Amino acid sequence: MALLEVDHLSVTYAPRDGVPVDAVRDVSLVVDQGEFVGLVGESGSGKSTLGNAILQLLDKPARRTAGSVRFDGQDLADLDPEELRRLRWVDLSTVFQSSMNSLNPVITVAAQFEDTFRAHDERLSPADLRRRAVEALAMVSLDERTLTSYAHELSGGMRQRVSLALALALRPRFVLLDEPTTGLDVLVQRRILDRLRALQADLGFAVLFVTHDIGAVLEMADRMLVMTEGEIVEDAAAADVLLRPAHPYTQSLLASYAATRTPVPHRAADAVEPEVVLRVEDVRRRYVTGRGRNRTAVQALDGVSLELRSGKVTALVGQSGSGKSTIARMVLGVERPDSGRVLFGDVQVDALRRAGLRDYRRHVQMVFQDPFASLNPTVPVGAALARPLLNFGGATRADVRDRAAALLEQVGLTPTAHYLERLPHQLSGGQRQRVVIARALAPDPAILVADEPVSMLDVSIRAEILALLASLVAERELAMLYITHDLLSARALADDVVVLSEGAVVEHGPTARVVEQPEHPYTRELLAAIPDPYADAG
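Residues numbered from 1 in each chain as written. Predicted model: local features only at pLDDT ≥ 70, side-chain atom pairs only at ≥ 80, totals over all residues. Heavy atoms only, no water.

A. The overall build of the chain, seen in detail. Assigned secondary structure in the chain consists of 20 helices and 20 strands. Along the three orthogonal principal directions, the C-alpha set of the chain runs to about 70 × 60 × 50 Å. Counting all 538 residues of the chain, 51% fall into the buried class. Taking contacts inside the chain between residues at least 6 apart in sequence as the whole, the part at least 24 apart equals 70%. (Helix = DSSP H or I, 4+ residues; strand = E, 2+ residues; numbered from the N terminus. Buried < 20%, exposed > 50% of the residue type's maximum accessible area, 1.4 Å probe, protein only. Contact = heavy atoms within 4.5 Å.)

Following this line, the structure appears as structure tokens:
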């Protein structure tokens, strides 16, 4: 008998004033004891709803309309709230997507472990509680000192490891992981996933790994499920899915995944090197936090230099905390270095003030990481594009709508009349990011700073956005600073790569050379951390 059995399950969202939506349709699956199963699907595929249905966490207007979920032979729908409470964390556990939101921000890590243990065994002494909490943290390679910390005092990776330790503290037999590494840099992802696989092998619990990261599932899972439009369309061994995908949707997902790992064709090398548009020269930046004895200093940048050239993409690669965002803020003119210079032609950017700074910002624009948060939810697309056109682009009230439509056409949103009056929530993630790119192009900038522009998009959309950015750079002769933690993503777009670690440049050169023949140990570590199921498949 399987540990988890989902039998012909259907879930419908039935809002009071809206049209019912079938989010999960006649889904059946099994997970055996000790098995690692990956569930892959794009946004809106129904995978999170399925996970909540398994955990009995559905909220209105969602409701189960058919089927059953059985754990160890017991139909979970037959259990009352108290019986479910006794089952959760002891036998059936989960790690939620956002560790910052799933941890209580006003109590220490130790108190959160105490709540978990006491909910299932009130007889434990304070000494036993601490011992078991320390043991749980040790499983995820965290020090005992973590117990005295609050969630906001920990890095994203540490918070997610605390969440994993809490989920495993009572030695459950089944763990559902809902996008456990989303938003974490590639090195932290690798460490967490490696530790998870090792713990699963040691403790023997079963895993259902819900994610849109196809590479991680193909590399780690025993079996892979593919979900789209509320249905499971593929269920096979991970190696078989990689080499012999049966369903057309799976085939298209794998093709999109491979495309994000393939270099975008660039124009032939120029006989004359393109002109330098912006130069960062030996910049340093030090941050001081706290007061008195708690005063600490962090050297965010230590002598960083780089150049942005017309018609070229320069990738700035490094893990969280490496200094990438500080460089971006200096290029944008919103932060100044302690020493060194940022030069836009002959203009020293870090010396600009007021009117000079406002004029400079017409020449440098930003594409933000999160397309869902970077657009005003109350402003239609046409109005969002009109503002920079009127402020910086020389548009008039008479021609601004036509200019906005032309921008939408450039980023592939046609027919343009279909999008101009839409609000952001009426667009998909890829469409929103295209609008963000169009808004950045409105002032006709010389420089585009793209901060992880595809990291929050589904795999089928990433290749499209990377190809769009590459074509815009070539057509408009833009100089682009592409910020990422993923070297293979950089290979898909960039001409040159600058690798940043602890505020210093450790490697710099043509993209192909850096990716294929890395010289610095840190660059090799970044490459090794990226899932590569094709290498494992031979």
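B. Structural context of the domain arrangement of the chain. Partitioning the chain into structural domains gives domain 1 (2-102 + 172-259) and domain 2 (276-529). Computed over C-alpha atoms, the centres of domain 1 and domain 2 are 34 Å apart. Between domain 1 and domain 2, the residue contacts involve 15 residues of the former and 13 residues of the latter. Across the domain 1 to domain 2 interface the summed buried area is about 1,300 Å²; carbon plus sulfur atoms make up 55%. Interface area lost by domain 1 to domain 2 is led by Asp185, Val186 and Leu187, which between them contribute 41%. The interface formed by domain 1 and domain 2 includes 1 salt bridge. (Domains from an automatic or database assignment. Buried area = accessible area lost by both parts, 1.4 Å probe. Salt bridge = Lys/Arg side-chain N within 4 Å of Asp/Glu carboxyl O.)

C. Local environment of the packing of helix α4 (residues 109-118) against helix α5 (residues 126-139). Interaxial distance between α4 and α5 falls to 10 Å at its minimum, and their mutual angle equals 110°. Classified by the angle their axes make, α4 and α5 are roughly perpendicular. On α5, the residues that touch Phe113, Glu114, Phe117 and Arg118 of α4 are Pro126, Leu129, Arg132, Ala133, Ala136 and Leu137. For the contact of α4 with α5, the residue count by class is 7 nonpolar, no polar and 3 charged. (Axes fitted to C-alpha atoms, helices over the stretch in contact; angles between N-to-C directions. Parallel < 35°, antiparallel > 145°, perpendicular 65-115°, else oblique. Nonpolar A, V, L, I, M, F, W, Y, C, P; charged D, E, K, R; others polar.)

D. A look at unusual backbone geometry. Across the junction of Lys60 and Pro61, the peptide omega takes the value 10°, indicating a cis bond. Along the chain, Pro61 falls in the loop between α1 (47-54) and β4 (62-71). Of the consecutive residues Thr414 and Pro415, the connecting peptide bond is found in the cis state with omega at -5°. One non-glycine residue, Trp89, lies in the positive phi region at around 75°. Tracing the chain through its elements places Trp89 in the loop between α2 (81-87) and β6 (92-95). The residue Arg354 is not glycine, and still its phi comes out positive at about 40°. Looking at where Arg354 falls in the secondary structure, it is placed in helix α12 (residues 354-361).

E. Structural detail: empty space enclosed by the protein. Across all of its chains, the model carries 3 cavities of 30 Å³ or more by this definition. As for the largest cavity, its lining consists of Lys47, Ser48, Gly51, Asn52, Leu55, Thr94, Phe96, Leu176, Asp178 and Val210. Secondary-structure elements contributing two or more residues to the lining of the largest cavity are α1 and β7 (174-178). A total of 4 residues in the lining of the largest cavity trace back to one element, the largest contributor, which is α1. (1 Å grid on protein atoms, 1.4 Å probe; cavity = no way out; pocket = protein on both sides within 12 Å on 5 of 7 lines; lining within 4 Å. Points joined across faces, edges and corners; volume = space filled by probe spheres on them.)

F. Geometry of the packing of helix α13 (residues 381-391) against helix α14 (residues 400-410). Contact geometry of α13 with α14 gives a least axis separation of 9 Å together with a crossing angle of 105°. Classified by the angle between their axes, α13 and α14 sit roughly perpendicular to one another. In this structure, α13 uses Val381, Gly382, Leu385, Ala386, Leu389 and Leu390 to contact α14, whose residues at the interface are Val400, Arg403, Ala404, Leu407 and Leu408. When its residues are assigned to classes, the contact of α13 with α14 shows 9 nonpolar, 1 polar and 1 charged.

G. Structural context of the packing of aromatic side chains. Counted under the stated rule, the structure contains 4 aromatic pairs. Centroid distance Phe71 to Phe174: 6.4 Å. Interplanar angle 65°. Geometry classified as edge-to-face. One end of the pair, Phe71, is in strand β4; the other, Phe174, is in strand β7, and 103 residues separate them in sequence. Between Phe344 and Tyr360 the ring centres are 5.4 Å apart and the planes differ by 70°, which places this aromatic pair in the edge-to-face class. Here Tyr360 lies in helix α12 and Phe344 lies in strand β14 (residues 339-344), a separation of 16 residues in the sequence. (Phe/Tyr/Trp six-rings, centres within 6.5 Å; stacked < 30°, edge-to-face > 60°.)

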